[in-house]
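Chains, contacts and geometry: an overview
Here are the chains, one letter per residue:
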Amino acid sequence: MAAALAGFDEESRTVSVQVGGEVVSAALDPAVEPAVVRTALRRHERVIAQREAAGWVVVGALRTTATPGVDEGDEFAIKARRIAMEAAHEISMVTGAASIVLRAYGQIETFAQDITTRASSLHKIIGRMLRLN
(Lines give C-alpha, C1' and ligand atoms only; values in the text may rest on other atoms or scores of the structure.)
Protein backbone atom coordinates (compact mmCIF):
# COMPACT_ATOMS: atom_id res chain seq x y z
CA MET A 1 0.00 0.00 0.00
CA ALA A 2 1.16 3.55 -0.63
CA ALA A 3 1.92 5.46 2.55
CA ALA A 4 2.98 8.99 3.39
CA LEU A 5 6.33 9.38 5.13
CA ALA A 6 6.34 10.98 8.57
CA GLY A 7 9.99 10.39 9.54
CA PHE A 8 13.09 8.27 9.14
CA ASP A 9 15.72 7.11 11.64
CA GLU A 10 18.59 6.02 9.45
CA GLU A 11 20.63 4.50 12.29
CA SER A 12 17.90 2.03 13.25
CA ARG A 13 16.50 1.82 9.67
CA THR A 14 13.06 2.63 11.07
CA VAL A 15 10.55 4.58 9.02
CA SER A 16 7.47 6.35 10.36
CA VAL A 17 4.63 6.09 7.86
CA GLN A 18 1.06 7.26 7.87
CA VAL A 19 -1.26 4.34 7.22
CA GLY A 20 -4.88 5.33 7.14
CA GLY A 21 -5.23 7.93 9.87
CA GLU A 22 -2.42 6.74 12.14
CA VAL A 23 1.37 6.93 12.10
CA VAL A 24 3.04 3.55 12.50
CA SER A 25 6.65 2.42 12.76
CA ALA A 26 7.97 0.32 9.88
CA ALA A 27 11.26 -1.46 9.27
CA LEU A 28 13.20 -0.60 6.13
CA ASP A 29 13.61 -3.67 3.92
CA PRO A 30 17.31 -4.62 3.56
CA ALA A 31 17.05 -4.24 -0.23
CA VAL A 32 16.08 -0.55 0.05
CA GLU A 33 18.94 1.95 0.28
CA PRO A 34 18.50 4.65 2.94
CA ALA A 35 19.18 7.32 0.29
CA VAL A 36 15.91 6.34 -1.42
CA VAL A 37 13.93 7.06 1.76
CA ARG A 38 15.85 10.29 2.47
CA THR A 39 15.03 11.57 -1.01
CA ALA A 40 11.39 10.47 -0.76
CA LEU A 41 11.06 12.27 2.59
CA ARG A 42 12.63 15.46 1.20
CA ARG A 43 10.44 15.39 -1.94
CA HIS A 44 7.24 14.37 -0.11
CA GLU A 45 6.99 11.18 -2.17
CA ARG A 46 5.04 8.21 -0.89
CA VAL A 47 6.60 4.87 -0.05
CA ILE A 48 5.35 1.35 -0.58
CA ALA A 49 4.72 -0.40 2.74
CA GLN A 50 3.32 -3.82 3.46
CA ARG A 51 2.19 -5.51 6.63
CA GLU A 52 4.08 -8.68 7.46
CA ALA A 53 3.99 -11.02 10.46
CA ALA A 54 6.63 -8.97 12.29
CA GLY A 55 4.95 -5.63 11.48
CA TRP A 56 5.11 -3.00 8.76
CA VAL A 57 7.98 -3.02 6.24
CA VAL A 58 8.86 -0.33 3.69
CA VAL A 59 9.80 -2.09 0.44
CA GLY A 60 10.35 0.89 -1.86
CA ALA A 61 9.43 4.41 -2.86
CA LEU A 62 7.02 5.70 -5.47
CA ARG A 63 8.84 7.91 -7.97
CA THR A 64 6.81 10.90 -9.06
CA THR A 65 9.30 12.41 -11.51
CA ALA A 66 11.32 11.11 -14.43
CA THR A 67 14.27 8.85 -13.62
CA PRO A 68 17.60 9.50 -15.40
CA GLY A 69 18.48 6.70 -17.79
CA VAL A 70 14.93 5.38 -17.78
CA ASP A 71 12.63 8.29 -18.62
CA GLU A 72 13.04 11.37 -20.79
CA GLY A 73 12.86 14.55 -18.73
CA ASP A 74 13.36 18.29 -19.01
CA GLU A 75 16.32 18.37 -16.66
CA PHE A 76 18.28 15.93 -14.51
CA ALA A 77 20.73 16.90 -11.78
CA ILE A 78 23.00 14.11 -10.62
CA LYS A 79 24.81 14.81 -7.38
CA ALA A 80 27.25 12.25 -6.03
CA ARG A 81 30.64 11.99 -4.37
CA ARG A 82 31.89 10.06 -7.39
CA ILE A 83 30.32 9.19 -10.75
CA ALA A 84 31.68 6.38 -12.89
CA MET A 85 30.57 5.57 -16.42
CA GLU A 86 31.86 2.50 -18.20
CA ALA A 87 31.14 1.33 -21.71
CA ALA A 88 32.65 -1.56 -23.65
CA HIS A 89 32.92 0.35 -26.94
CA GLU A 90 32.01 4.03 -26.79
CA ILE A 91 30.63 6.84 -24.66
CA SER A 92 29.25 9.92 -26.36
CA MET A 93 27.74 13.17 -25.15
CA VAL A 94 25.92 15.32 -27.68
CA THR A 95 24.12 18.61 -27.34
CA GLY A 96 23.12 20.55 -30.43
CA ALA A 97 26.19 20.95 -32.68
CA ALA A 98 28.74 20.01 -30.00
CA SER A 99 29.87 16.51 -29.06
CA ILE A 100 32.55 14.52 -27.30
CA VAL A 101 33.12 10.83 -27.98
CA LEU A 102 35.40 8.45 -26.07
CA ARG A 103 36.22 5.25 -27.92
CA ALA A 104 37.53 2.01 -26.42
CA TYR A 105 40.47 1.78 -28.80
CA GLY A 106 41.99 4.94 -27.28
CA GLN A 107 40.53 7.80 -29.30
CA ILE A 108 38.76 10.90 -27.99
CA GLU A 109 36.98 13.12 -30.46
CA THR A 110 35.56 16.55 -29.68
CA PHE A 111 33.57 18.52 -32.18
CA ALA A 112 32.30 22.08 -31.82
CA GLN A 113 32.50 25.45 -33.51
CA ASP A 114 34.72 26.77 -30.68
CA ILE A 115 36.66 24.78 -28.07
CA THR A 116 38.24 26.48 -25.07
CA THR A 117 40.47 24.83 -22.48
CA ARG A 118 41.70 26.59 -19.36
CA ALA A 119 44.04 25.80 -16.52
CA SER A 120 44.67 27.82 -13.39
CA SER A 121 48.14 26.32 -13.20
CA LEU A 122 50.02 24.03 -15.57
CA HIS A 123 48.28 23.08 -18.83
CA LYS A 124 50.07 20.10 -20.34
CA ILE A 125 49.64 18.69 -23.83
CA ILE A 126 51.63 15.51 -24.34
CA GLY A 127 51.72 13.48 -27.50
CA ARG A 128 54.17 11.77 -29.79
CA MET A 129 53.01 14.09 -32.55
CA LEU A 130 50.86 17.23 -32.50
CA ARG A 131 49.21 18.37 -35.71
CA LEU A 132 47.89 21.90 -35.99
CA ASN A 133 45.98 22.68 -39.22
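Computed from a predicted model, the values in this text were never measured in an experiment. (Residues numbered from 1 in each chain as written. Predicted model: local features only at pLDDT ≥ 70, side-chain atom pairs only at ≥ 80, totals over all residues. Heavy atoms only, no water.)

**Digging into unusual backbone geometry**
To keep it simple, the criterion reads: Helical segments are the DSSP runs of H or I of at least four residues, strand segments are the runs of E of at least two, and each set is numbered from the N terminus.
For Arg-13, which is not glycine, the phi torsion reads 55° and is therefore positive. By the secondary structure assignment, Arg-13 is in the loop between strand E1 (2-9) and strand E2 (14-19). One non-glycine residue with positive phi stands out, namely His-44, at about 60°. On the secondary structure map, His-44 appears in the loop between helix H1 (34-42) and strand E4 (47-52).

**Here we look at the pairing of strand E3 (residues 22-28)**
What counts is decided by this rule: A pair of strands is considered paired only if DSSP assigns at least 2 bridges between the two.
For E2 and E3, the ladder comprises six bridges, and the chain directions are antiparallel. Bridged to Thr-14 within E3 is Ala-27. Connecting E2 to the next strand, E3, in antiparallel fashion are two residues, including Gly-20 with a positive phi near 65°. In this sheet, strand E5 (residues 55-61) lies alongside E3 in parallel orientation, the contact comprising three bridges. Residue Ala-27 lies in a different strand from E5, and its bridge partner there is Val-57.

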